[in-house]
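Close look at the chain arrangement
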Amino acid sequence: SVSEDGDICIWDCNTPGNPRFTNHIDGLRSISLAQTDRSYQMACGLTNGSIAIYKLYESGMLNRVQLLEDAHRGAVYAIANVPNHFGRDPIRVVSGGEDGKLCIWDLFNGTPTPFQRSSNSATAHDDPILTVAVTSDGKHVISSGGDSVIRIWDIKTQKALLCLRGHEDIVHSVGLTPDGKYIV
């Protein structure tokens, strides 16, 4: 779990009480975990617009392995690891920011590819993106935020496939069924 104070608490679900480990990362705003062969990959969105990639070990030790500076203008409000079906370690993350941009990042070379609604728009949403989710097959990204719409994107082409309208205010969060059939 993360909080406004920048603390990451690692909880042991089998042992009630205080967190098992606590670490501090300045400006932490969002996290996403993915299991790797011997650890967990933790992608972190920061308030300064950067993305930090950490390895989280069973011992609770965090080791920063990569920093993608200036990923967004303003905070990175949403981040998700993209499943890698050819190996255990995630090699891509998707980020959504205060600037309304949605990007997929190649962690091998640290480069972003932006998602765009159309050739006339440089952003994925008109307002900040507050949540992103990736389908379990790694083929689609779902984003939502301050503009009250939910968009479904093709991860290969970075093109919008569908725009869902039904909310009249900010969409703070989305959930996906494991089969990707329903968005909640």
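This one's a predicted model, so the numbers in the text were calculated from it and none came from an experiment.

**Examining the sheet that holds strand S11 (residues 129–134)**
Across a sheet, strands are paired by hydrogen bonds formed along the backbone, either parallel or antiparallel in direction. Read across the open sheet, the four strands follow the order S11-S12-S13-S14; overall the sheet is antiparallel. In this open sheet, the two edge strands, each paired with only one partner strand, are S11 and strand S14 (160–165). On average, adjacent strands in this sheet sit at an angle of 20 degrees to one another, irrespective of strand direction. Bridge count between S11 and strand S12 (residues 140–145): five bridges; the pairing is antiparallel. Paired with valine 132 across the two strands is serine 143, which belongs to S12.

**Examining the sheet that holds strand S9 (residues 102–106)**
In spatial order, the strands read S7-S8-S9-S10; together these four strands make up an open sheet with antiparallel pairing. With one partner strand each, in any of the chains shown, strand S7 (76–81) and strand S10 (111–114) form the two edges of the open sheet. The sheet shows a mean angle of 25 degrees between the axes of neighbouring strands, direction not considered. Relative to S10, S9 is paired through four bridges, and the arrangement is antiparallel. Of the residues in S10, the one forming a bridge with cysteine 103 is proline 114.

**As for the packing of aromatic side chains**
Each aromatic ring pair is described using two quantities: the centre-to-centre distance and the angle formed by the ring planes. Summed over all chains, the structure comprises one aromatic pair. Aromatic side chains phenylalanine 115 and tryptophan 153 sit 5.5 Å apart centroid to centroid with 75 degrees between the ring planes, which places their arrangement in the edge-to-face category. Here phenylalanine 115 is found in the loop between S10 and S11, whereas its partner tryptophan 153 is found in strand S13 (residues 149–154), with 38 residues between them in sequence. The two residues phenylalanine 115 and tryptophan 153 agree in class, both being buried.

**Remarks on the nonpolar core**
Grouped together as the largest cluster of nonpolar side chains are 14 residues, with contacts concentrated most on Val94, Leu102, Phe115, Val132, Val134, Val141 and Ile155. Elements with a contribution of two residues or more to this core: S7, S9 and S11. The greatest single-element share of this core, amounting to three residues, is contributed by S11. Other than its neighbours up to four places away in sequence, isoleucine 155 contacts Val82, Val94, Ile104, Phe115, Val134, Gly138, Lys139, His140 and Val141.

**Looking at the pattern of salt bridges**
Summed over all chains, the structure comprises one salt bridge. For aspartate 147, the salt bridge identified is with arginine 151, shortest N-O distance 3.4 Å. Like aspartate 147, the residue arginine 151 is buried in the burial classification.

**Considering the pairing of strand S6 (residues 62–68)**
Strand direction decides the pairing type here: strand S5 (residues 51–56) and S6, joined by six bridges, are antiparallel. Within the sheet, the bridge partner assigned to isoleucine 53 lies in S6 and is glutamine 66. Taking the residues that link successive antiparallel strands as the turn, the S5-S6 hairpin has five residues, and the phi of glycine 60 there is positive, at about 95 degrees.

**Quick notes on unusual backbone geometry**
The phi dihedral of serine 148 is positive, around 70 degrees, even though this residue is not glycine. Tracing the chain through its elements places serine 148 in the loop between S12 and S13. Under the relative-accessibility criterion, serine 148 is labelled buried at 16%. Notably, glutamine 158 is not glycine yet its phi reads approximately 60 degrees, a positive angle. Within the secondary structure, glutamine 158 sits in the loop between S13 and S14. By relative accessible area, glutamine 158 is classed as buried at 15%.

About the cut-offs
Residues numbered from 1 in each chain as written. Predicted model: local features only at pLDDT ≥ 70, side-chain atom pairs only at ≥ 80, totals over all residues. Heavy atoms only, no water. Pairing = 2+ DSSP bridges. Helix = DSSP H or I, 4+ residues; strand = E, 2+ residues; numbered from the N terminus. Axes fitted to C-alpha atoms, helices over the stretch in contact; angles between N-to-C directions. Phe/Tyr/Trp six-rings, centres within 6.5 Å; stacked < 30°, edge-to-face > 60°. Buried < 20%, exposed > 50% of the residue type's maximum accessible area, 1.4 Å probe, protein only. Core = buried A, V, L, I, M, F, W, Y, C linked by side-chain atoms within 4.5 Å. Contact = heavy atoms within 4.5 Å. Salt bridge = Lys/Arg side-chain N within 4 Å of Asp/Glu carboxyl O.

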